[in-house]
Amino acid sequence: MAEKKDYYESLGVSKNASKDEIKSAYRKLAKKYHPDNKETGSEAKFKEVQEAYDVLYDDQKRSAYDQFGHAAFSQTGGGPGGGNPFNGADFSNFQGFGDMGGFGDIFSSFFGGGSRSNRNTGPTQGEDMVMRVKIDFMDAVLGRDIEISINHDEECPNCHGTGAKTPNDIRTCPTCGGTGSVRMQRRTMFGVMENQEVCPNCHGSGKVISDYCPKCGGKGYVRVKKQLKIHIPVGINEGQQIRVAGMGEIGQRGGPHGDLYVEVTIKPHQYFKRERNDIHINVPIDFTDAILGTNLDIPTVNGDVSLTIPPGTQVNQILRMRGQGIKDLRNGKPGDQYVHLDIKMPSNLNKEQRAILENYRNTYTKKDSWFSKFKKNFTN
């Protein structure tokens, strides 16, 4: 059997990572590898990061993993070379190992000690789902409603979630007597230990079905295509998510659905460049307007707004237009727009234009030119 990958390595975090860092890393990887992601989805990788997250985000499980590695969660028999030697042992009253305190609780929870069940047999909420949508630049700036199509698992209308053809086809599990769990014995280095586990026949439901529903094949749910209206709020940014409650994966054993998270990606604009809530735009102007100054109607995300170009404006000068950026997603306060001036020089002049510029050049001596001032720095 292939050796399991280190959980920290699976999530791409350090061994002293905080819970927030672990959660953030998991969510990014879960989006990337989710089987519904047509571009990068991978069921194997998704299960790997899910398993790593389940352990590292839980303080007790993480403590056990840091001390014993993957052996802390092995379900194989005990003894030399037989996997986890503590599997099935009851450490609930263990007082050794100095100041370790909750050591017995850790073994009881994760190595199958006592009467704990290794799996939850009650209702379980479904997993959250993540999908991406690409929207236009101005839709992110101004907000709008969009429609998306998803495949959604819903309770089978034929069997109402039971998975059986008729109610008479459901009977109490003969293996566990309807409890959903059975007691198992394992031989360990401490002797034969008894442990309560999920019933292998009914998988914890306490019921078995003799004839399955023809519509859902016994699953209890059917997959349908749904159209959802999603509101894109004003000012949403690249990578932010919109939560749609109850539209994730279906729950287990009657549990509620998970949630759907719609992650937004934004198409770039031809002219506007976004930096947080600020807008940057390159605007070409004639050199005469830069020299003499003028008023220009500048495009903004809110429409054209008049901007004064001061006389003597220099190449690559940046002018600020306060409040003409994007409204903040939380407080509605707008950012600013920064106008990067691109001063254009004419490549062809007619006789009249050339005469005017030559006359201007004759109004000052060569020693007063910018080039002459520059050359003085190189004289001895």
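You'll find the structure just up there.
None of the values given here were measured: they were computed from a predicted structure. (Residues numbered from 1 in each chain as written. Predicted model: local features only at pLDDT ≥ 70, side-chain atom pairs only at ≥ 80, totals over all residues. Heavy atoms only, no water.)

Caption draft 1: Structural context of the overall build of the protein chain. Along its length, the protein chain carries 9 helices and 15 strands. For the protein chain, with 380 residues in total, the buried portion stands at 35%. Of the contacts formed within the protein chain by residues at least 6 apart in sequence, a portion of 62% connects residues at least 24 apart. Just so you have it, the protein chain exposes about 23,800 Å², and 49% of that area is on carbon and sulfur atoms. (Helix = DSSP H or I, 4+ residues; strand = E, 2+ residues; numbered from the N terminus. Buried < 20%, exposed > 50% of the residue type's maximum accessible area, 1.4 Å probe, protein only. Contact = heavy atoms within 4.5 Å. Areas by Shrake-Rupley, 256 points an atom, 1.4 Å probe, with all protein chains shown as cover.)

Caption draft 2: The arrangement of the state of the cysteines in detail. Overall, the coordinates contain 0 disulfides when judged by the stated rule. There is no disulfide at Cys 156, and the cysteine sulfur nearest it, in Cys 159, is 3.8 Å away. Under the relative-accessibility criterion, Cys 156 is labelled buried at 0%. In this model Cys 173 remains outside any disulfide bridge; the closest cysteine sulfur is found in Cys 176, 3.7 Å from its own. (Disulfide = S-S within 2.5 Å.)

Caption draft 3: Up close: the sheet that holds strand β11 (residues 278–286). Spatially, β10-β11-β15-β14 is the arrangement adopted by the 4 strands of the open sheet, whose pairing is mixed. Edge strands, defined here as strands with exactly one partner in the open sheet, are β10 (273–275) and β14 (318–321). Along the sheet, successive strands turn relative to each other by an average axial angle of 30°, direction set aside. Here β14 pairs with strand β15 (residues 337–344) via 4 bridges, running antiparallel. Counterpart to Arg 320 in the pairing with β15 is Tyr 338. (Pairing = 2+ DSSP bridges. Axes fitted to C-alpha atoms, helices over the stretch in contact; angles between N-to-C directions.)

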